[in-house]
Amino acid sequence: MTVGLLFLLAVLVLAFLRVPLAFALLSVSLAGISLVMGFDVARSLVPLTISEAVFSYELAVVPMFILMGNILARSGISDDLFRAANAFLGPVRGGLALSTMVTCAGFSAVCGSSLATAATMSKVAYPSMKRYGYSDQLASATIAAGGTLGILIPPSIILMIYGILTQTNIGDLFVAAVIPGILGLLMYLGVVYAIACISPQDAPRGERTTTAEKLRSLRGVWPFTLLFVVIIGGLYGRLFTATEAAGLGAGLALILSIGQRRMTWQSFRQIFVETATTSVMLYSVLFGALLFAKLISFSGLGEGILELVQQAGLGPYQTLAAILLIFLLLGCVMESLAIILICVPLFLPLLMSHGFDLIWFGIIVVVVTEIALITPPIGMNVFVLKAALPHVRLGAIFRGLFPFVGIDLLRLLLLVAFPSITLGLVAMMK
């Protein structure tokens, strides 16, 4: 177990030093397996693990959903969603911020990336909020917090990775994420409206729109609505698997963008290059994580932690609280993907020994990593936003995020206390 802890510490140190996560996981795993099991075992295990993953049917879900998100991002769906949301919510106090939050939820539902959502919305929504006199603190915090919805509302790249690591049905994870994702959106909207009422000078009202303008604004939303209904409805109705849903979604998005004349040969080429680049990066990281999971097994670290918990006499929920606390602390200094890839294989034997539902725990883990994305000192969404808006002070963004972090912690407590919030839709499918 001691040797396993040293390998874990090595990965954490490399990740903290901003060494590329794929390199950190692969190098430590290869060195560790060589020391524990011998170099010959490590040399044969690396190609075997990679080939098993590459030829895995479930792994095809990742590039297909990435392709779908890139097509929709290039087709201007974020602008259409923002116009529609603003037409209905703009006249309400804090309406532009409310519209931004709704747009973040909608865009992340087809994008699957929190960082991409935050970067996109900083260009789409921030100028409008500033034009109407919104404070930097509220405008930037709304975008940073809204971006975190991207890793929970399906299709979610983080949920796909979690499903592959734990051998959990990705379609069930997507269905389980729907209600917690909607709950998060509603709670965020409540925070924005409360801030607008308490400090009206920070969130003025927008312009009123006529009924005709509202109806016209909906014209650009139907492709997004169609895709979401097809994907989630098909998964809920067991009409197809998550991999089939990904292929169908990517194909349908391509057909819609061509049919609406939003696709050029240049953008077509850029979309596929971006998809290939992102997919290779994620595959490299995933290969390292799968090897690291084998290292944890060979070194006895997982079994050692399980034995320590049993000797300490911790109950199931005390154990869960300790695990979530570790995730939250690591989230202050590491990115969410690194936390998932390093810690999930480590704690998996412990979770299974206590009989926790892995679908439920997956949603809990994603909510915890959402909180990590907006907590100091290294909230990844905050730094993405800072890069896009260099004139906004980092301190102002973090101060604006305090209410959102608080409401996220409340949501986390609700999901832990009432598992039916997460598992209700999954149970109805069976």
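In what follows, the accompanying structure is described. Just so it is clear, the structure is predicted and the values come from calculations on it, not from any experiment.

What follows covers the packing of aromatic side chains. Applying the stated criterion across every chain, the model contains eight aromatic pairs. Note on Y283 and F287: the rings are 6.0 Å apart at their centroids and 40° apart in plane angle, and the pair reads as tilted. A residue pair is termed a helical-turn pair when its members lie 3 or 4 positions apart in one helix, as Y283 and F287 do in helix α15 (residues 265–299) at four residues. Residue classification places F287 among the buried positions, given a relative accessible area of 12%.

Between helix α17 (residues 316–331) and helix α19 (residues 358–372), the least distance of the axes is 8 Å, while the angle of their chain directions is 35°. Our pair here, α17 against α19, has a crossing hand that is right-handed. On the side of α17, the interface is formed by Y317, L320, I323, L324, F327, L328 and G331, while α19 contributes W360, F361, I364, V365, V368, I371 and A372. Among the residues forming the contact of α17 with α19, the class breakdown is 13 nonpolar, one polar and no charged.

Bringing empty space enclosed by the protein into the picture now. Considering all chains together, one arrives at two cavities of 30 Å³ or more under this definition. Its boundaries defined by the atoms lining it, the largest cavity holds a volume of some 50 Å³. Counting only elements with at least two residues in the lining of the largest cavity, the list comes to α5 (77–89) and α14 (242–259). The leading source of residues in the lining of the largest cavity is α14, at three residues. Residue classes in the lining of the largest cavity are distributed as five nonpolar, four polar and two charged.

Attention now moves to a nonpolar patch on the surface. A contiguous nonpolar patch, built from L9, V13, F16 and L17 and spanning about 400 Å² of accessible area, is present on the exposed surface. Looking at where L9 falls in the secondary structure, it is placed in helix α1 (residues 2–16).

What follows deals with the side chain of S29. Following the sequence through the fold, S29 ends up in helix α2 (residues 21–37). Given a relative accessible area of 0%, S29 falls into the buried group. With near-sequence residues (within four places) excluded, S29 lies in contact with G288, L291, F292 and L295.

Once that is clear, we can look at the pattern of salt bridges. Counted according to the given criterion, the structure contains three salt bridges. Among the salt bridges present, the one from K130 reaches D136, with a minimum N-O distance of 3.0 Å. Beyond isolated ion pairs, a larger network of salt bridges with shared partners links E370, D408 and R411.

With that out of the way, let us pick up the nonpolar core. L25, V62, F65, F327, L341, L401 and F404 are the most contacted members of the largest nonpolar core, which totals 146 residues. If one sorts the elements of this core by residue count, helix α11 (residues 170–198) sits on top with 15 residues. Excluding its chain neighbours within four sequence positions, the residues that come into contact with F65 are P155, M160, F174, I231, A242, A245 and A246.

Although it is not a glycine, Q167 sits at a positive phi angle of roughly 60°. As for its position among the elements, Q167 is in the loop between α10 (157–166) and α11. A relative accessible area of 72% places Q167 in the exposed class.

Turning our eyes to something else, we now look at the packing of helix α18 (residues 336–353) against α19. One way to put it is that α18 packs onto α19 with a least axis distance of 11 Å and a crossing angle of 145°. Classified by chirality, the crossing of α19 by α18 is right-handed. Residues S336, I340, L348 and L351 of α18 pack against L358, F361, V365 and T369 of α19.

The rules behind each value
The residue numbering used here restarts from 1 in each chain and proceeds along that chain's sequence as written. Totals for whole chains, interfaces and linings use every residue, but because this is a predicted model, local features are given only for residues with pLDDT of at least 70 and side-chain atom pairs only at 80 or more, for both listing and counting. Hydrogens and water are ignored here; the side-chain numbers use all heavy atoms of the structure. The rule is short: rings of Phe, Tyr and Trp, with Trp giving its six-membered ring, pair when the centres are within 6.5 Å, and they are stacked under 30 degrees, edge-to-face over 60, tilted in between. Under the DSSP-based scheme used, a helix requires at least four consecutive residues in state H or I and a strand at least two consecutive residues in state E, with every element numbered from the N terminus. Only protein chains enter the accessibility calculation, which uses a 1.4 Å probe; a residue whose area is less than 20% of its type maximum is buried, one above 50% is exposed, and one in between is partly exposed. A fitted line through C-alpha atoms represents every axis, and for helices the fit uses only the stretch in contact; the resulting angles, taken between N-to-C directions, go from 0 to 180 degrees. By the definition used in this description, the sense in which the near helix is turned from the far one sets the handedness, with an anticlockwise turn below a right angle giving left-handed and a clockwise turn giving right-handed. Contact between two residues is taken to exist if any of their heavy atoms lie within 4.5 Å; hydrogens are not considered. Three categories are distinguished: nonpolar for Ala, Val, Leu, Ile, Met, Phe, Trp, Tyr, Cys and Pro, charged for Asp, Glu, Lys and Arg, and polar for the others, with Gly belonging to the last. We place a 1 Å grid over just the protein atoms. Points where a 1.4 Å probe fits but has no way out form a cavity, open points with protein on both sides within 12 Å along at least 5 of 7 lines form a pocket, and any residue with an atom within 4 Å of a point lines it. Grid points are joined across faces, edges and corners, and a volume is the space filled by probe spheres set on the points. Patches here are clusters of residues that have more than 30% relative accessible area and form no salt bridge, with a 9 Å joining cutoff for like charges and a 5 Å cutoff for nonpolar side chains (Val, Leu, Ile, Met, Phe, Trp, Tyr). Each accessible area is a Shrake-Rupley estimate made with a 1.4 Å probe; only the visible protein chains count as cover when residues are assessed. Any carboxyl oxygen of Asp or Glu within 4 Å of a side-chain nitrogen of Lys or Arg constitutes a salt bridge here. Buried Ala, Val, Leu, Ile, Met, Phe, Trp, Tyr and Cys residues that are joined via side-chain atoms within 4.5 Å together make up what is termed a nonpolar core.

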